[in-house]
Amino acid sequence: MISQVFILSSQGDHLIYKDFRGEAGSDVVNLFYEKVTALTGDQPPVVMRHKDVHFVHVRQGGLYWVATTTADTSPFTIIEFLNRLTALVKDYCGSLSERSVQMNFALIYELLDEVVDYGYIQTTSSDILKNFIQTEAVSSKPFSLFDLSNVGLFGAETQQSKVAPSSAATRPIQSSRDQGGKSEIFVDVIERMLVVIGSNGVLMKADIEGEIKVKCYMPTCSEMRIGLNEEFSIGKSQLRGYGAAVRVDECSFHQAVRLDEFDSLRILRLCPSQGEQTVMQYQLSDDLPSAPPFRLFPTIERDNGGRLLMYMKLRCDLPPKSAGINVSATIPVPKGSVSLSQELSSPDQSAELQPQSRAVVWKIPRFPGGTQLSALFKLEVPGFSSASMLEVGPVSLSFELPKITATGLQIRFLRLSPFQPGPAQRWVRYVTHSDSYTIRI
Amino acid sequence: MTDSKYFTTTKKGEIFELKAELNSDKKEKKKEAVKKVIASMTVGKDVSALFPDVVNCMQTDNLELKKLVYLYLMNYAKSQPDMAIMAVNTFVKDCEDPNPLIRALAVRTMGCIRVDKITEYLCEPLRKCLKDEDPYVRKTAAVCVAKLHDINAQLVEDQGFLDTLKDLISDSNPMVVANAVAALSEIAESHPNSNLLDLNPQTINKLLTALNECTEWGQIFILDCLANYTPRDDRESQSICERVTPRLSHANSAVVLSAVKVLMKFMEMLPKDLDYYGTLLKKLAPPLVTLLSAEPELQYVALRNINLIVQRRPEILKHEMKVFFVKYNDPIYVKLEKLDIMIRLASQANIAQVLAELKEYATEVDVDFVRKAVRAIGRCAIKVEQSAERCVSTLLDLIQTKVNYVVQEAIVVIKDIFRKYPNKYESVIATLCENLDSLDEPEARAAMIWIVGEYAERIDNADELLESFLEGFHDESTQVQLQLLTAIVKLFLKKPTETQELVQQVLSLATQDSDNPDLRDRGYIYWRLLSTDPVAAKEVVLAEKPLISEETDLIEPTLLEELICHIGTLASVYHKPPSAFVEGSRGVQHKRLPGSAGSGESVESPDVASAPGVSEAPPAVIPSQGDLLGDLLNLDLTPPTTTGPPPPSSGMQMGAMDLLGGGLDSLLGGDLGGSPAMGGGFGAAPAAMPASFTAPVSGGLDDLFDLGGGVGMPMGAYSPPKTVWLPAMKAKGLEISGTFARRSGVVQMEMTLTNKAMSVMTDFAIQFNRNSFGLAPAGPLQVLTPLSPNQSIEVTLPLNTVGPVMKMEPLNNLQVAVKNNIDVFYFSCQYPISMLFAEDGKMERQVFLATWKDIPNENESQFQIKDCHLNSDAASNKLQGSNIFTIAKRTVEGQDMLYQSMKLSNGIWLLAELRVQAGNPNYTVSLKCRAPEVSQCVFQSYEAVLKN
């Protein structure tokens, strides 16, 4: 049971405070802020306790979303609830920020009243909630020239409008009531890779976590059908024939998803509610359908002058037409490294030594598939010893692979029924992120 | 126009402005004004003065405005109870409104106005709303019953709302069912004995049906409610499990965890050989693994739960080691939890993989994490014996890095490895010694000193090493000082010739120049031991230490069982029972796992009314007067702490020892020939000590005083059945029944503590009064978890015989004081004297004959044992089990004569002649002893042993 819910700005200002059960006073709000700001790095911040009051919080949009309880409640429930609450507020107010929360406080109070009653969570589905919510959202979108960018010359459709602007998905769901014509639906397939490559180049661990998210901005949508690859299979035993099957180990679905056509046709049926929802989550452990996207060939040695030479060759094994973007490699270096000189293979790359984190960070804005980049780093390390060598590595990479899914999962089709009056824009987007991509040296 | 402007008005006279606006005719203006009021309320300004004006706005058909006004009401009604009555009429009217939204809104708000006076007006509308045609109103009304119950429980019962609520469990709308279940569960918690949530197979069936249809949050209420149900048999348990399993693939982790809780609990009831049991185990792994791909907050909470599950059922996740490998971008608190689980899952099969990971972690940047990783390598070595060698070499590699904190952690864990595998890895000592100078943390210094002391004979310059530490003795922390003292004494005992100066120096530093009582006391003990009986000192200080156990950090099993019942709750994150952090009645009932199939009833408390055993005298509670009591009360009853190894609190009487005896000579032997300087040096300080003193002695030492030891005889010594020593009536609900036993040469008191009171008992401690044979507890009473009502616990208390001696009547009487958080209780009991027969009680034949003759005839006593149908060999075997040894046997005219000897723990020998005539059930025992008082007790023991 949730006793209180409050939202604080990062400076500790009270934005929203709602007491459901009258078990604790409002002084705990400041207490929470004192506690959370006094935490040290290794203390788990998730659940904190002051006498009989237990605080559970998440941080989103730069705000603290806190729930208190005095009973032995499930922290999972509370964390899930707070995450849903942030999603709801985002759906209703368009974005998550101190400003949007402040501007829409009446709406958020109304939401909280419907979502939680006497500490019992009632519903977090925007579909049900829209029957009850009266207050209109106040949008804070500033006027921007960028919004004009997809207005074509003489009204002609330009190339740009084929790509959904990234801001398209951040707007309040209710505004679709007024705007009427503009109905859109976004289906995002997002995957995260967790890879460890050993110093001998062996793939030691490769996990993929993925999710299909639907963002729906349509006034009326009774049902949509999402078709996945037909050869999609779950679990090890289910491989049908051979060939390039798309396999995952485990998947779970949003409860609104109906699976009657899933087993035979790999079709997900659902009635999306307004706003954002995760329709399906899946994961694949210890298996990559294709080669890992990046490989590193390091050579590390000392030169006569006692400097540490690190020669790094980084190869991108994606198909030639694809590319990794925002690639950044973090290479830990020995303690006390003072200066860095570098030779990079192309001018758009950059590298710097960050003494605080004891690492060289090498950034590559765009890295096309099938190419190879190299860099030579020379480091001055006073007091270099053989043990310092051990402090080099492991290299961690972070990157984004647009239009690629590591599992090979694709959306075959996206059908809305009954047929929508007026044009409904349908967007399907794929992206793979690095969750943790480590290459040991 | 945006709402944010409401937060910016801070002018004076603002209240008046608002007042005017609230009374404005224009609806828009009114709404704006109420919004401003609520904005002020949020930032903590007091706007209660506007109460009447806001209440005036309540009469409106604008739902948005109404909601705002209600929001205000909920906040301020409590501070203005009289004014709140003003709102009642509107509420009652709104409850009749044709719009269900307004009806629900009214009933919801009314419940939140926590004013006693309002509740009576609330009853009628609530009754109507509970039967409303609209499910939205019904589900709101269901919650309202819980609200009302919190304000006025009696009223709810009187008005019959509870029955209506029970009916709602069968409602057609799953949301209503879920809320009714939630409300009933909460109300039931405050009435632990009421049968509110009458869970029977029919209701369970209804709940399981509703489970498939309601929202994710409703599913959580229902699953949590199911977890409180105890199925009748394994078949019902299996069918519930089958219907709950689909929840495991829910996207909401709270639903998953609640389902895991139900399954973990009901699984206890399933027979392990069932196919379904195996299937279920397999199904539990993937959802738990999935939780690890959530946000770090959820991951952390999930890991804390997995930590519990892994301890209870390691088989679930034994193949999933890899998912617990840390990612470089995990927050540190997630990394540390993952490490912990990795160790728990480590086994011979995966140890190579784990070690390779740990080695990588040990070179990372984060200091805390690196330390934990190094410790983890040590724990692997202790847990998986086959990996010890590899762990040690990994640790040596890490020491080579010379990274200061890595080296120090490595040394600390190597010390533990030495404790587990003594005399196996000393080859590494040389490497360790090279790093002596870099150690600056007390724990690492203490560990290093321990290693040097323990292996002093193999380190050539051990004395130099220890001497170097001694220079800054007073600047060291207590931990290091204590360790240094012990190490030097060890060194002295091993190499007495070269190190006298060193040992004298450290003893005087510890006893004369130190303010720390622990240090001083330990110093005195060593000093006295060395000066009295160096051979004993050797036995004490260099005694073999018990091996450290592999799983010292496991959660105590009963606590674990309780925590498993609380999976997915705060208790599982804190790893503490809910009673430790939830105040009041809610949630403090201790939950237990159901027993496995076929032994479902075994959780009940053991039969306390068992037949009386050998102690013929009924247990008597010592009357609360008399001199005896004084003795007991003066004893310091220290309750054992519940965390970590509790320090033994038994005081030891050392007065009997000869303080100034020059026994040192025998140790020093011919080398020194008892140099006068030494004798003087040792004699001086102890002379100043009190004749008897009590000292806390660390665990290892403690065992050494247990003189019972000798040849370990695992055969069954006779132990009488348990009898009730302390009836619950005389001890405020605490019942103690118990018996004595001798196991492997150690006398033990085995007790069953039963809590028959209504409240939890904690802080148990025990003390004995002086008794005939100096029996005393060898350690504190190990009751680590609180004893909850109707729970009983079995405790075994090892005893020693070095306590203070006083002759009792009868001789084997023992007076005991037991303390708990409620009071101190006294009782007395009698132990069979056969407990004190030592294992080395077999006399040489010749000695026996001589002794028999030597003891005057008036010391001989004769007894008859009637109705014993054993032959002489069987009797002899039986008696041997209780350390009564047959030395010779003679047959004269069909009569078997057995000559037997036994030795009491205080060294008194007893000789006996047992005559057994074939066909005659009556035996004759003749006892001869220099202390004839014991004969009666010995005879009783004979009879008890032979007849059981």
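Residues numbered from 1 in each chain as written. Chains lettered and ligands numbered in written order. Predicted model: local features only at pLDDT ≥ 70, side-chain atom pairs only at ≥ 80, totals over all residues. Heavy atoms only, no water.

- As annotated in an unreviewed UniProt entry, chain B is AP complex subunit beta from Echeneis naucrates.
- The heading Subcellular location (unreviewed entry) in the UniProt record of chain B holds the text "Endomembrane system".
- The annotation that UniProt attaches to chain B under Sequence similarities (unreviewed entry) is "Belongs to the adaptor complexes large subunit family." (UniProt positions renumbered as here; feature names shortened; annotations may be inferred.)

## Comments concerning the overall build of chain B
Piece 1. Along chain B, the regular secondary structure elements total 38 helices and 13 strands.
Piece 2. Within the span of chain B, comprising 948 residues, buried residues form 57% of the whole.
Piece 3. In chain B, the proportion of contacts linking residues at least 24 apart, taken out of those at least 6 apart, comes to 69%.
Piece 4. When the accessible surface of chain B is totalled, it reaches about 39,100 Å², and 50% of it is carbon and sulfur. (Helix = DSSP H or I, 4+ residues; strand = E, 2+ residues; numbered from the N terminus. Buried < 20%, exposed > 50% of the residue type's maximum accessible area, 1.4 Å probe, protein only. Contact = heavy atoms within 4.5 Å. Areas by Shrake-Rupley, 256 points an atom, 1.4 Å probe, with all protein chains shown as cover.)

## Things to note about the sheet that holds strand β21 (residues 359-368) of chain A
Residue and element names in this part refer to chain A.
Piece 1. Spatial strand order, β13-β15-β9-β8-β25-β23-β18-β21-β20: 9 strands in an open sheet with mixed pairing. With one partner strand each, in any of the chains shown, β13 (250-253) and β20 (350-354) form the two edges of the open sheet. Each strand of the sheet is rotated relative to its neighbour by a mean of 15°, with strand direction disregarded.
Piece 2. Pairing geometry for β13 and strand β15 (residues 275-284), over 4 bridges, is antiparallel. Bridging across to β15, cysteine 251 finds its partner in tyrosine 282. (Pairing = 2+ DSSP bridges. Axes fitted to C-alpha atoms, helices over the stretch in contact; angles between N-to-C directions.)

## Let's talk about the interface of chain A and chain B
Piece 1. Across the contact, 84 residues belong to chain A and 88 residues belong to chain B.
Piece 2. Surface buried jointly by chain A and chain B totals about 7,600 Å² across both partners, of which 57% is contributed by carbon and sulfur atoms.
Piece 3. Summed over the shared surface of chain A and chain B, the number is 9 salt bridges.
Piece 4. The shortest N-O distance in the salt bridge between glutamate 110 of chain A and lysine 67 of chain B comes to 2.8 Å.
Piece 5. On the surface where chain A and chain B come into contact, there are 30 residue pairs in polar contact (both at pLDDT 80 or more).
Piece 6. In terms of residues, the side of chain A that touches chain B owes the most to one element, helix α2 (residues 75-93) of chain A, which gives 8 residues.
Piece 7. Per-class residue counts for the side of chain A that touches chain B are 33 nonpolar, 29 polar and 22 charged. (Buried area = accessible area lost by both parts, 1.4 Å probe. Salt bridge = Lys/Arg side-chain N within 4 Å of Asp/Glu carboxyl O. Polar contact = N/O pair within 3.5 Å; in protein donor to acceptor, adjacent residues only side chain to side chain. Nonpolar A, V, L, I, M, F, W, Y, C, P; charged D, E, K, R; others polar.)

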